[in-house]
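Below, each chain spelled out in residue letters.
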Amino acid sequence: MSKAELKIDDKVIELPVITGTENEPAIDISKLRAETGYVTLDYGLKNTAVTKSSITYLDGEKGILQYRGYPIEQLAEKSSFLEVAYLIIYGELPNKTELEDFTSGVTNHTLVHENMKKFYEGYPQHAHPMGVLSSMICALSAFYPDILEPEMDKKSLDLNVQRLLAKSATIAAWAYKNSIGHPVMYPQNRFDYSANFLYMMFAKPTEEYEVNDKMVSALNKLLILHADHEQNCSTSTVRVVGSSQANLYTSISAGVAALWGPLHGGANQAVVEMLQKIYDDGGATKENIDKWIKLFKDKNSGQRLMGFGHRVYKNFDPRARILKKAADEVLNELKVKDPLLDIAKKLEHHALNDDYFIEKKLYPNVDYYSGLLYRAMGIPTEMFTVMFALGRMPGWIANWIEMSQEKQPITRPRQIYTGETKREYVPLNKRG
Ligand code: CMC
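Residues numbered from 1 in each chain as written. Predicted model: local features only at pLDDT ≥ 70, side-chain atom pairs only at ≥ 80, totals over all residues. Heavy atoms only, no water.

**A few points about the nonpolar core**
Line of reasoning, step 1. Formed by 120 residues in total, the largest nonpolar core has its most connected members in Tyr67, Phe197 and Leu347.
Line of reasoning, step 2. With 13 residues, helix 18 (residues 384-405) is the single largest residue contributor to this core.
Line of reasoning, step 3. Apart from residues no more than four positions distant in its own chain, Tyr67 is found in contact with Ile55, Thr56, Ile72, Leu75, Val84, Leu87, Ile88, Ile224, Leu225, His226, Ala227 and Asp228.
Line of reasoning, step 4. In terms of nonpolar packing, the next biggest core, distinct from the first, is built from 5 residues, Ala4, Ile13, Val17 and Leu32 among them. (Core = buried A, V, L, I, M, F, W, Y, C linked by side-chain atoms within 4.5 Å. Buried < 20%, exposed > 50% of the residue type's maximum accessible area, 1.4 Å probe, protein only. Helix = DSSP H or I, 4+ residues; strand = E, 2+ residues; numbered from the N terminus. Contact = heavy atoms within 4.5 Å.)

**Section: empty space enclosed by the protein**
Line of reasoning, step 1. One pass over the structure, following the stated rule, counts 2 cavities of 30 Å³ or more.
Line of reasoning, step 2. The computed volume of the largest cavity comes to approximately 90 Å³.
Line of reasoning, step 3. For the largest cavity, the lining is made up of 14 residues, of which Thr107, Thr110, Asp192, Tyr193 and Asn196 are closest to its centre.
Line of reasoning, step 4. Elements supplying a minimum of two residues to the lining of the largest cavity: helix 4 (96-107), helix 7 (154-179) and helix 8 (193-202).
Line of reasoning, step 5. The element best represented in the lining of the largest cavity is helix 8, accounting for 4 residues.
Line of reasoning, step 6. Class assignment of the residues belonging to the lining of the largest cavity gives a composition of 8 nonpolar, 5 polar and 1 charged.
Line of reasoning, step 7. Empty space within the second largest cavity amounts to approximately 30 Å³.
Line of reasoning, step 8. What lines the second largest cavity is simply Tyr120, Pro124, Gln125, Ala127, Val132, Ala175 and Asn178.
Line of reasoning, step 9. Across the lining of the second largest cavity, the residue classes tally to 5 nonpolar, 2 polar and no charged. (1 Å grid on protein atoms, 1.4 Å probe; cavity = no way out; pocket = protein on both sides within 12 Å on 5 of 7 lines; lining within 4 Å. Points joined across faces, edges and corners; volume = space filled by probe spheres on them. Nonpolar A, V, L, I, M, F, W, Y, C, P; charged D, E, K, R; others polar.)

**Side note on the sheet that holds strand 2 (residues 11-19)**
Line of reasoning, step 1. Within the open sheet, the 3 strands sit side by side as 1-2-3. Their pairing is antiparallel. Two strands bound the open sheet, and with one partner strand each, they are strand 1 (3-8) and strand 3 (25-27). For this sheet, the mean inter-axis angle between neighbouring strands, taken without regard to orientation, is 30°.
Line of reasoning, step 2. Of the pairings in the sheet, the one linking strand 2 to strand 3 comprises 3 bridges and is antiparallel in character. (Pairing = 2+ DSSP bridges. Axes fitted to C-alpha atoms, helices over the stretch in contact; angles between N-to-C directions.)

**Some points on the pattern of salt bridges**
Line of reasoning, step 1. If you walk through the whole model with that rule in mind, you get 15 salt bridges.
Line of reasoning, step 2. Here Lys286 makes a salt bridge to Asp290, at a shortest N to O gap of 2.7 Å. Of the two residues, Lys286 and Asp290 both sit in helix 13 (residues 286-297), 4 residues apart, roughly one turn of that helix.
Line of reasoning, step 3. When the shortest N-O distance is used, the salt bridge between Lys325 and Glu329 registers 3.5 Å. Taken together, the residues span about one helical turn, with Lys325 and Glu329 both in helix 14 (residues 318-333) at a distance of 4 residues.
Line of reasoning, step 4. Judged by its relative accessible area of 55%, Lys325 falls in the exposed class. (Salt bridge = Lys/Arg side-chain N within 4 Å of Asp/Glu carboxyl O.)

Put into structure tokens, the structure is as follows:
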């Protein structure tokens with residue numbers, strides 16, 4: 001094992017160097033404070049690996065993303081969402097029996113407790129569905145208190161995993177129905193996961209509803225592409241909350257909250273809102289596109305090209321590549337003409353040829369095209385981040401399980417204090 005040396009004043013200490021299975025090197029500083037009294041400062045944890053993990057590998061420079069070793073391109077092409085969920089959570093692709101058992105387990109838990117249905121009456125009609133999803137997932141812990149057992153056996157854990165995967169889709173679709181004042185549609189277990197979700201979103205008790213296979217297949221792909229992405233903001237949040245031994249539902253409800261922000265999962269909603277603003281401002285004309293590109297490059301404008309840039313991908317985001325193709329195909333197949341897609345393509349072309357974006361290594365990320373696909377499927381803008389959350393569920397679950405089973409210590413970072421040093425209390429009548 002090689003070592004790194006750190007010299008502080010006259011003292012030299014050796015730090016072990018460890019490497020992952022894909023040869024990514026890291027300096028292990030776990031004994032640094034004990035041996036030197038020093039801590040490290042790393043805003044945004046840009047240089048810090050917070051855990052070892054065997055779930056997902058990504059190489060931001062080469063644009064590689066693999067779940068449990070399988071390339072995302074192959075999974076998106078060949079798998080179903082629940083098959084990928086099984087892979088991410090349990091580590092191996094399921095055989096036929098395992099897949100059937102897992103699928104029927106999830107399918108049999110799609111109903112939510114009737115008392116939870118009453119919760120929707122308490123939310124304002126226009127409540128953002130991410131707030132509803134986060135709070136309702138947290139509330140699942142009240143309905144399934146077996147999750148509070150400190151030492152859960154495998155059977156009980158598997159059951160709660162299936163409950164969470166199944167019920168979150170129902171909760172999400174019902175949040176949408178509530179927002180438009182329509183009766184909720186109960187899940188239909190004859191459908192697979194994606195078809196059932198579309199049914200709960202778009203069917204009405206007054207009409208026959210035919211599930212569109214092209215939409216099912218596009219949704220399946222979108223969910224797979226979002227299923228995990230190693231230690232991003234929401235997954236780290238799930239691990240941080242779970243490290244206090246908070247239960248699975250509570251930890252994942254915190255992950256949903258973290259995902260909501262526009263710099264993370266909220267970007268897919270922000271992309272379409274930005275494209276709409278550009279459309280209203282003059283559309284895809286050369287002058288208008290030039291004007292907006294200029295705004296995106298100007299820090300004082302408060303505008304960023306949403307759906308561009310990534311903390312880890314500094315070459316291209318392989319998910320964006322798959323989605324760009326899928327967006328073209330689905331819009332064609334569904335015969336949707338979307339002027340926002342034209343604007344998105346022109347912006348992308350300009351940005352990819354502009355020095356600012358080239359130098360800063362800013363490329364389209366997964367959110368650049370996902371919103372356009374959701375829009376083509378009739379999913380309303382406010383639901384976009386909810387779709388991301390449903391896709392990311394297997395990744396959050398797998399990370400929570402890995403963290404719990406490895407019995408990792410509670411996450412409790414340090415800080416560099418920069419406030420006042422000790423001073424005496426001043427009575428109220430003596431303060432200026
Ligand atoms: N448009 C214009 N300038 C940008 C953009 C952008 N989209 N992204 C980064 N920059 C500039 C930024 O101003 C900074 O410039 P400088 O070095 O001169 O100060 C430089 O590029 C580096 O940016 P950063 O914010 O320090 O980079 P980061 O790694 O902390 O942030 C990011 C990554 C994704 C938050 C950021 O690129 C961003 O805000 N993108 C737009 C929001 C977005 O699409 N988010 C979805 C991320 S992918 C899905 C997910 O994981 O949730």
